[in-house]
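Chains, contacts and geometry: an overview
Take a look at the letters that make up each chain.
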Amino acid sequence: MAILELKSISKNFKEVRALEDISMSVEKGSITVVIGPNGAGKSTMEKIMAGLYTQSSGAIVAFGKRFERGEEYTPEIREKIGYVGENYALYDNLTVKANLEFFGALYGISKNEADAAAQSMLRELDAIEFFDRKVGTLSRGTKQKIALCRALLNEPELLVLDEPTAFLDPYSAETLREKIEALMHANTAVVYATQRLEELGRLAGRVVLLNKGRIIAKGTLEELLDKIRGIRVEAVLLNAPNQEQKKALRKIGALVTGNRAIINVKSMKELPSISSSLVALGLKVATISYLDYDLGGMK
């Protein structure tokens, strides 16, 4: 059952066309992974889904209610949606506790209920020690954890996430993925935007490939593996390569700058071997993100 449908959605910012003719649906209890390089339109599309932007053309059907161009979500629709974007949407001068109590109150959640729910989630994310700290003093990774707690306070039916693991440590990132699985089992729909290719194998669901504001392919990961060719990826390394490692990287066609290596890969099926090759050279891989790709003639 679709709880959200985008019908030929486009979005303009003055003379810039950020999205072009986007049509897709989000099913109850499912995860949709939206992947694309920087500037592909992922954040804009998710903000439209979450009700932060209105579309320039097309229509949205959210929880059975249709919204045409320029129409904003009603309060009862907004209450069903949780969103985590790039700016966290937190008050830096307030403590974590005060932030979550404030946002809880917007959903009619008492301070005691908000505190209990927030502390439970913060323990899961290994961030309970920051409960009484001001948000402005926290690292980006910790702010990300607080933003996740805020988005989940109202037990949303649709959770929209924009690069949710960008600043998380590996333990917290895995905890988040486990949380997403639990939410899906509870019939929450999740939309998860990322440019990290390694996330695809860890999030079993529908994949939407976005580029230059257009959906250029969608389906299961297995369906897309054979379509994606000529991938250029950037590996961010925790340790800068030494001269011997640089020489080995050049042999596989990598361009190395500092602790970053840009590598050409023939297909997505080769990505696991690329990661293994880097580790075999004694390099520690933080992330592998794709810069661009070829879809065998698909545009």
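Preceding this paragraph is the structure being described.
Report follows, based on the coordinates.

Calculation rules
- Residues numbered from 1 in each chain as written.
- Predicted model: local features only at pLDDT ≥ 70, side-chain atom pairs only at ≥ 80, totals over all residues.
- Heavy atoms only, no water.
- Salt bridge = Lys/Arg side-chain N within 4 Å of Asp/Glu carboxyl O.
- Helix = DSSP H or I, 4+ residues; strand = E, 2+ residues; numbered from the N terminus.
- Buried < 20%, exposed > 50% of the residue type's maximum accessible area, 1.4 Å probe, protein only.
- Pairing = 2+ DSSP bridges.
- Axes fitted to C-alpha atoms, helices over the stretch in contact; angles between N-to-C directions.
- Contact = heavy atoms within 4.5 Å.
- 1 Å grid on protein atoms, 1.4 Å probe; cavity = no way out; pocket = protein on both sides within 12 Å on 5 of 7 lines; lining within 4 Å.
- Points joined across faces, edges and corners; volume = space filled by probe spheres on them.
- Nonpolar A, V, L, I, M, F, W, Y, C, P; charged D, E, K, R; others polar.

Counting across every chain of the model gives 14 salt bridges. Residue Lys47 is joined to Glu86 by a salt bridge in which the shortest nitrogen-to-oxygen separation is 3.0 Å. Here Lys47, found in helix H1 (residues 42-50), pairs with Glu86, found in the loop between strand E6 (81-84) and helix H3 (96-106); they are 39 residues apart in sequence, far enough to count as distant. What makes Lys47 buried here is its relative accessible area of 14%. The network of salt bridges with common partners includes Arg17, Glu20 and Arg214.

Moving on: the sheet that holds E6. Read across the open sheet, the six strands follow the order E6-E7-E8-E3-E9-E10; overall the sheet is mixed. At either end of the open sheet lies a strand with only one pairing partner, and these are E6 and strand E10 (214-220). The average undirected angle you get between the axes of adjacent strands in this sheet is 15°. Pairing between strand E3 (residues 31-35) and strand E9 (residues 206-211): four bridges, direction parallel. Bridged to Ile35 within E9 is Leu209. Where H1 meets the sheet, it contacts E3, E6, strand E7 (158-162), strand E8 (189-194) and E9, and its direction lies at approximately 160° from that of E8. Packed onto the sheet, helix H5 (residues 140-152) meets E6 and E7 and runs at close to 170° relative to E6.

A word on the sheet that holds strand E2 (residues 16-27). Pairing within the open sheet is antiparallel, and its four strands lie in the order E2-E1-E4-E5. Only two strands of the sheet have a single partner each, and these edge strands are E2 and strand E5 (65-67). Going from strand to strand, the sheet's axes swing by 15° on average, the running direction of each strand aside. Pairing analysis gives five bridges linking strand E1 (residues 2-13) to strand E4 (residues 57-62), with the strands arranged antiparallel. Opposite Ser10, over in E4, you have Ser57 as the bridge partner.

To find leftover empty space, one rolls a probe the size of a water molecule over the atoms. According to the stated counting rule, one finds three cavities of 30 Å³ or more in the structure shown. In this structure, the largest cavity encloses a volume near 90 Å³. If you trace the largest cavity, you find it lined by Met121, Glu124, Leu125, Leu148, Cys149, Leu152, Thr175, Leu176 and Lys179. Of the residues that constitute the lining of the largest cavity, the class distribution is six nonpolar, one polar and two charged.

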